[in-house]
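# Observations on the three-dimensional arrangement
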Amino acid sequence: MNIKNTLTTKLCTAAVLTAFAVAAPAFADEDAELVINGEIEIVTKTTAPAHLEGHLTEIMSGWRFRSDDTQAMEMDDFDNPGMLGAEEGLAQFDTVMGSEGKACADCHDGVESLASVRPTYPKWNDAKEAVYTIQMQINDCLTERMGAEAEKYDSKKMLNFEAVLASVARGTPMNVAIDGPAQSTWEQGKEMYYTRFGQLDLSCANCHEQNYGNMIRADHLSQGQTNGFPVYRIKDNKLTGAHSRFKGCIRDTRAETFAPGSPEFVALELYVASRGNGLSVEGPSVRN
Amino acid sequence: MKRIATCFVVLGLTASAAMAEVAPGSIQFEEGAVAQSLTGTSGNPAEGRTIMTTKSVGNCVSCHAATDYADVPFAGEVGPLLDGAGSRWDEAQLRGLVVNPKMTFEGTVMPAFYKVDGFNRPGDAFTGKAAPADLPPLLSAQQVEDVVAYLMTLKDE
């Protein structure tokens with residue numbers, strides 16, 4: 001609370017706050033502003049990208065929909081348990097893995113040299129002629145350049161790598177390309193976003209576009225953005241990847257869900273990421 | 001011999017009870033409403049209230065609040081407040097709404113509670129796995145009747 005009061009822009013007017021107070025009083029402050037460690041300014045609300053015309057005018061990070069306490073945890077790296085994953089990711093980066101005797105750091109000049117990765121992935125990979133997620137790329141480095149075993153999708157090790165790659169990109173705007181060779185995958189992801197699944201017959205859009213800001217039982221629905229991934233979930237006590245989150249959301253419609261790393265989820269990740277183009281990378285973030 | 005006879009009697013009873021129930025596939029809608037009771041047994045409103053407010057059963061409370069069950073924590077706000085639903089709609093309309101609200105509100109986010117087919121990748125409850133071939137409806141025929149009976153008690157003051 002205290003941290004927040006000092007860091008929140010004092011300008012957010014009482015009038016706006018009262019408007020939200022009716023909907024969800026003690027739960028969340030949708031008008032709070034996020035500054036991490038008192039220095040990294042995070043855009044958690046901005047104008048929607050052009051491709052969302054007719055769907056959304058404004059995009060918001062999931063951070064805005066969390067409770068005051070959860071919001072505060074992300075404002076200081078010492079309070080953010082997700083940063084432990086980023087630290088482990090950094091240690092992994094310097095560790096020799098595989099038969100070639102190489103560490104990531106042997107080829108990549110520090111994690112900072114990869115700061116452009118988190119905001120621009122999923123991204124078209126020319127050599128592989130496919131849209132690639134960060135984890136697919138890391139697996140290629142592991143198996144093709146290091147002689148190491150592929151890591152399981154959304155494994156702890158992968159999420160640690162993702163966490164450190166996100167942490168060095170915090171504050172930069174999400175900016176995934178949706179045209180050119182990536183376009184057909186993006187279209188596939190878009191179609192999936194508006195497809196209803198399961199016996200509850202619900203699409204991502206039914207909850208995250210039509211009903212963000214509303215309570216669904218005790219959960220305050222956000223726009224389901226991915227700029228905060230990987231996400232430290234307090235409820236699970238660990239980092240979660242975007243695909244595992246998608247898997248859970250589809251399962252919760254009483255549907256046969258898809259697997260993390262599946263082509264469906266790669267397409268969906270690209271599309272969902274593009275809905276957040278303009279929001280800052282804020283991972284590893286904290287959610288309930 | 002005696003045992004076999006008893007068996008027949010038991011079988012006979014279940015068969016006739018099942019026949020009285022209208023199956024999810026044979027529902028007759030008229031402008032979204034379903035006039036015929038699904039079971040012929042009148043609904044129990046107290047049961048209906050429990051079904052609506054229990055997560056593992058109807059879980060209507062995840063989307064709807066109502067003053068009558070204000071004691072249940074964390075009512076959702078995806079759907080409208082149900083106060084006065086029993087005055088706004090008649091019994092047949094409410095039955096239709098619970099069985100399949102898409103027949104009343106096109107494209108609604110409210111699920112159909114007495115429907116077993118026409119889904120995209122239906123699952124086996126919340127396991128994430130594929131549904132069994134004989135996917136049960138979200139509510140049984142009698143549970144639908146109980147819920148309708150409860151909704152009918154939500155009258156305008």
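Treat the numbers as computed from the prediction; the structure is a model and nothing was measured.

### Description of the sheet that holds strand β9 (residues 231-233) of chain A
Residue and element names in this part refer to chain A. Pairing within the open sheet is mixed, and its three strands lie in the order β10-β9-β11. The two strands at the open ends of the sheet, each matched to only one other strand, are β10 (238-240) and β11 (285-287). Each strand of the sheet is rotated relative to its neighbour by a mean of 40 degrees, with strand direction disregarded.

### Some details on helix α4 (residues 82-93) of chain A
Residue and element names in this part refer to chain A. Taking 1.5 Å of rise per residue, 12 residues should cover 16 Å, and α4 covers 17 Å from first to last C-alpha, within 8% of that figure. The set of residues buried in α4 consists of Gly-82, Met-83, Gly-85, Ala-86, Gly-89, Gln-92 and Phe-93. Projected down its long axis, α4 shows its buried positions confined to an angular sector of 160 degrees, all on one face. In α4, those exposed residues whose orientation departs by more than 90 degrees from the buried face are Leu-84 and Glu-87.

### A closer look at the UniProt feature "binding site: substrate" (unreviewed entry) in chain A
Residues and elements named next belong to chain A. Mapped onto the present numbering, the UniProt feature "binding site: substrate" (unreviewed entry) falls on Arg-245. Considering the arrangement of structural elements, one finds Arg-245 in helix α11 (residues 242-251). Classification of Arg-245 by relative accessible area gives partly exposed; the value is 32%. Leave out the neighbours within four places in its chain, and Arg-245 touches Phe-229, Arg-233 and Thr-240.

### Regarding unusual backbone geometry
All names here are of chain A. Look at the link from Tyr-121 to Pro-122: it is a cis peptide, with omega at -5 degrees. Mapped onto the fold, Pro-122 is located in the loop between α6 (117-120) and β5 (123-125). For the peptide bond that leads from Gly-283 to Pro-284, omega is -5 degrees, which places it in the cis range. With phi around 55 degrees, Asn-37 is a residue other than glycine that occupies positive phi space. Relative to the assigned elements, Asn-37 resides in the loop between β1 (34-36) and β2 (40-42). Its identity as a non-glycine residue notwithstanding, Arg-217 has a phi of 50 degrees, on the positive side. Residue placement: Arg-217 occurs in the loop between β7 (215-216) and β8 (219-220).

### Digging into the confidence of the model for chain A
For chain A, the mean per-residue pLDDT works out to 91, and 90% of the residues sit at or above 70. Segment residues 1-26 of chain A: pLDDT under 50, and 25 contacts once partners within four positions in sequence are set aside and those in other chains are kept.

### With respect to the interface of chain B and chain A
Between chain B and chain A, the contact holds 34 residues from the first and 27 residues from the second. Summed over both sides, the interface of chain B with chain A buries roughly 2500 Å², with 53% coming from carbon and sulfur. In terms of surface lost to chain A, no three residues of chain B exceed B:Glu77, B:Arg121 and B:Phe126, which account for 27% of the buried area on that side. At the surface where chain B touches chain A, the tally comes to one salt bridge. At the surface where chain B touches chain A, the tally comes to 14 residue pairs in polar contact (both at pLDDT 80 or more). Among the residues making up the side of chain B that touches chain A, the classes are represented as 18 nonpolar, 10 polar and six charged.

### Some points on the pattern of salt bridges
All names here are of chain A. Applying the stated criterion to the full structure yields 18 salt bridges over all chains. The partner of Arg-64 in a salt bridge is Glu-33, with the nearest N and O atoms 3.1 Å apart. One end of the pair, Arg-64, is in the loop between β4 (58-60) and α3 (68-73); the other, Glu-33, is in the loop between α2 (14-23) and β1, and 31 residues separate them in sequence. For Arg-64, a relative accessible area of 2% translates into the label buried. A salt bridge links Lys-157 to Glu-151, with the shortest nitrogen-to-oxygen separation between them at 3.9 Å. If you follow the salt bridges from partner to partner, you end up with Asp-31, Lys-45 and Glu-58 in one network.

### Here's the deal with helix α12 (residues 263-275) of chain A
All names here are of chain A. Under the 1.5 Å per step criterion, the end-to-end length of α12 is 19 Å for 13 residues, consistent within 8% with the ideal 18 Å. Among the 13 residues of α12, 11 are classified as buried, and the element is accordingly described as predominantly covered. The set of residues buried in α12 consists of Phe-265, Val-266, Ala-267, Leu-268, Glu-269, Leu-270, Tyr-271, Val-272, Ala-273, Ser-274 and Arg-275. The elements touched by buried residues of α12 are β4, β6 (130-132), α7 (134-145), α9 (183-193) and α11.

### Overview of the packing of α9(A) against α12(A)
Residues and elements named next belong to chain A. Remark: α9 packs on α12, axes separated minimally by 7 Å, with the N-to-C direction vectors making an angle of 85 degrees. Judged by the angle between their axes, α9 and α12 are roughly perpendicular. Between α9, through Thr-185, Trp-186, Gln-188, Gly-189, Lys-190, Met-192 and Tyr-193, and α12, the contact on the second element is made entirely by Pro-263, Glu-264, Phe-265, Ala-267, Leu-268, Leu-270, Tyr-271, Val-272, Ser-274 and Arg-275. Along the lines of polarity and charge, the residues of the contact of α9 with α12 split into 10 nonpolar, four polar and three charged.

### Points about the nonpolar core
A general trend in soluble globular proteins is that nonpolar side chains are found buried together. B:Leu38, B:Met52, B:Tyr69, B:Val98, B:Val144 and B:Leu151 are the most contacted members of the largest nonpolar core, which has 33 residues in total. At the level of secondary structure, the elements contributing two or more residues to this core comprise α2 (45-53), α4 (91-99) and α5 (141-153) of chain B. Among the elements that line this core, the one with the most residues is α5(B), at six residues. Setting aside residues no more than four positions away along its own chain, B:Tyr69 makes contact with B:Arg49, B:Met52, B:Thr53, B:Val61, B:His64, B:Leu82 and B:Tyr150. Of all hydrophobic cores here, the second largest spans 32 residues; its members include A:Trp186, A:Phe229, A:Ala242 and A:Val272.

### Here's the deal with the UniProt feature "domain: Cytochrome c" (unreviewed entry) in chain B
Under the local residue numbering, the UniProt record ascribes the feature "domain: Cytochrome c" (unreviewed entry) to residues 43-155 of chain B. Segment residues 43-155 of chain B splits into 31% helix and 0% strand. End C-alpha atoms: 17 Å apart.

The rules behind each value
- Residues numbered from 1 in each chain as written.
- Chains lettered and ligands numbered in written order.
- Predicted model: local features only at pLDDT ≥ 70, side-chain atom pairs only at ≥ 80, totals over all residues.
- Heavy atoms only, no water.
- Pairing = 2+ DSSP bridges.
- Helix = DSSP H or I, 4+ residues; strand = E, 2+ residues; numbered from the N terminus.
- Axes fitted to C-alpha atoms, helices over the stretch in contact; angles between N-to-C directions.
- Expected span 1.5 Å × (residues − 1).
- Buried < 20%, exposed > 50% of the residue type's maximum accessible area, 1.4 Å probe, protein only.
- Arc of directions from axis to C-beta.
- UniProt positions renumbered as here; feature names shortened; annotations may be inferred.
- Contact = heavy atoms within 4.5 Å.
- pLDDT = per-residue confidence, 0-100.
- Buried area = accessible area lost by both parts, 1.4 Å probe.
- Salt bridge = Lys/Arg side-chain N within 4 Å of Asp/Glu carboxyl O.
- Polar contact = N/O pair within 3.5 Å; in protein donor to acceptor, adjacent residues only side chain to side chain.
- Nonpolar A, V, L, I, M, F, W, Y, C, P; charged D, E, K, R; others polar.
- Parallel < 35°, antiparallel > 145°, perpendicular 65-115°, else oblique.
- Core = buried A, V, L, I, M, F, W, Y, C linked by side-chain atoms within 4.5 Å.

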